[in-house]
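Residues per chain, in single letters:
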Amino acid sequence: MSSPSQTLSGIFYLVAGLAVFSVQDLILKQLSGGYPLHQAMVIRSLTALPLLILLVLRDGKGLAAILAPGWQRLFARGFILFLAYTSYYLALAALPLATTVALYFSAPLMMVALAALLLGDRVGPARWLAVGCGFLGVVVMVRPGSSLFDWAALLPVFSGLSYALSMVLARRMGVRHSAAVLAFHGNTVFLLCALLLSAIFGGGSFAEGGHPSLAFLTRGWAVPTPGDLGLMMACGGIAAAGLTLLTQAYRIAPTSSVAPFEYSAMIWGVLWGWLFWSDWPDAVAWTGIAIICGTGLFVVWHEAQERRATGRSAAAT
């Protein structure tokens, strides 16, 4: 069971990791009109690789920790994480940044449910009610049946499910593996999958220009300008730091305690979208955001009440 200090540290790592990753969202959305996603991911992953190796060595267990027993499960988790981020990045190409981030906020709700089902975390009726209300907010933002519906809106929801599963698995695997090792395997799978996508689409023969998300996936490789190459490489450092921070958060703290703070990313989504693309959520989008974030804040408040009650019971005995 995690101590209060571990929980607070986990929350700090999560908030810091989300702030770091928000810069990568900004960069990839900026690049999505001229380059394919797999090209950016290959360059990002290659840049992150030596940084992650240094982080593994810093743990003091040497490179042998990378191939410790159970590395196959780490690769499987890395593939789930690859699906999560790829679907999220493809959504960025087609949707406003704030909308993509808000729909992705189904992840913390799914984490609460998955933590109960897979880890045996205690989740009371109030939290289950919050999960249900949060999904109502997701439906409001997706707008099924509306003329404004875009199938790309389903991508960040799928991303949320995949990400939730990967972070719940991190909680289980973190007993035996450090955050750096988990992040290293995640990045390695990213690189291998991006190379596979590049082999399929890199020549440009399958390029599809109709929908922004499909174009971002199927566009052929292009020679980047020095500035754009620098941005892609910067994503490597961001990925190394962000993956380690997020993995450490779920490794040391209970999922149901840390997950609600995923909502801090909404601040960055709205801010970057407004500053760089003049995107501002409309009334329906704000309604969905309010429902989703409101459920997260309720979960935070409810957990604080439970911790106080537990503390009082322990003091009484």
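What comes next is a walk through the structure. (Residues numbered from 1 in each chain as written. Predicted model: local features only at pLDDT ≥ 70, side-chain atom pairs only at ≥ 80, totals over all residues. Heavy atoms only, no water.)

## Points about the overall build of the chain
For the chain, the count of helices and strands is 13 helices and 0 strands. Secondary structure elements of the chain occur, N-terminal to C-terminal, as α-α-α-α-α-α-α-α-α-α-α-α-α. Counting all 317 residues of the chain, 56% fall into the buried class. Considering only intrachain contacts with a sequence separation of at least 6, the fraction spanning at least 24 residues in the chain is 87%. Surface accessibility of the chain: about 13600 Å² in total, with carbon and sulfur atoms responsible for 72%. (Helix = DSSP H or I, 4+ residues; strand = E, 2+ residues; numbered from the N terminus. Buried < 20%, exposed > 50% of the residue type's maximum accessible area, 1.4 Å probe, protein only. Contact = heavy atoms within 4.5 Å. Areas by Shrake-Rupley, 256 points an atom, 1.4 Å probe, with all protein chains shown as cover.)

## Some details on the packing of aromatic side chains
Summed over the entire model, instances satisfying the criterion amount to 16 aromatic pairs. A ring pair is formed by Y88 and Y89, whose centres lie 6.1 Å apart and whose planes are at 70°; its orientation type is edge-to-face. Ring centres of F201 and F206 lie 6.1 Å apart, and the angle between their planes is 85°; this geometry places the pair in the edge-to-face category. Through a chain of ring-to-ring contacts, the aromatic side chains of F21, F79, F82, Y85, Y88, Y89, Y104, Y163 and F190 assemble into a single cluster. Over the aromatic face of W277 sits the side chain of K29, whose NZ or CZ is 5.5 Å from the ring centroid. (Phe/Tyr/Trp six-rings, centres within 6.5 Å; stacked < 30°, edge-to-face > 60°. Lys NZ or Arg CZ within 6 Å of the ring centre and 35° of its normal.)

## Some points on unusual backbone geometry
Of note in this structure, S278 is not a glycine but carries a positive phi near 55°. Position of S278 relative to the elements: it lies in the loop between α12 (265-277) and α13 (283-316). Classification of S278 as exposed rests on a relative accessible area of 62%.

## Some words on the nonpolar core
Counting 92 residues, the largest nonpolar core has Y85, Y89, F105, Y163 and M266 as the members making the most contacts within it. Examining the composition of this core, we find that 12 residues originate from one element, helix α8 (residues 179-201), more than from any other. What F105 contacts, discounting residues up to four positions off in sequence, is E262, Y263, A265, M266, I292 and C293. (Core = buried A, V, L, I, M, F, W, Y, C linked by side-chain atoms within 4.5 Å.)

## Let's talk about the side chain of Q24
Inspection of the secondary structure puts Q24 in helix α1 (residues 4-31). Within the local environment of Q24, its side chain forms a polar contact with the side chain of R44, the two groups lying 3.3 Å apart. Residues contacting Q24, with those up to four places away along its chain left out, are R44, Y89, C235, I238 and A239. (Polar contact = N/O pair within 3.5 Å; in protein donor to acceptor, adjacent residues only side chain to side chain.)

## Notes on the packing of helix α2 (residues 37-58) against helix α10 (residues 226-252)
Axes are the key here: two packed helices are described by the angle between their axes and the distance separating the axes. Running from N to C, α2 and α10 point in directions that differ by 45°, and their axes come no closer than 7 Å. Taken together, the axis directions place α2 and α10 in an arrangement best described as oblique. Like other packed secondary-structure pairs, α2 and α10 cross with a definite hand, here right-handed. On the side of α2, the interface is formed by A40, I43, R44, T47, A48, L51, L52 and L55, while α10 contributes L229, M232, M233, C235, G236, G237, A239, A240 and T244. For the contact of α2 with α10, a count of residues per class yields 12 nonpolar, 4 polar and 1 charged. (Axes fitted to C-alpha atoms, helices over the stretch in contact; angles between N-to-C directions. Parallel < 35°, antiparallel > 145°, perpendicular 65-115°, else oblique. Left-handed = near helix turned anticlockwise from the far one by under 90°. Nonpolar A, V, L, I, M, F, W, Y, C, P; charged D, E, K, R; others polar.)

## Describing empty space enclosed by the protein
Considering all chains together, one arrives at 2 cavities of 30 Å³ or more under this definition. Roughly 190 Å³ of internal volume is contained in the largest cavity. Lining of the largest cavity is provided by 15 residues; of these, L18, F21, D25, Y88 and Y104 occupy positions nearest its centre. Where the lining of the largest cavity is concerned, the elements lending two or more residues are α1, α3 (71-94), α4 (97-104) and α12. Each residue belonging to the lining of the largest cavity can be placed in one class, and the counts come to 12 nonpolar, 2 polar and 1 charged. (1 Å grid on protein atoms, 1.4 Å probe; cavity = no way out; pocket = protein on both sides within 12 Å on 5 of 7 lines; lining within 4 Å. Points joined across faces, edges and corners; volume = space filled by probe spheres on them.)

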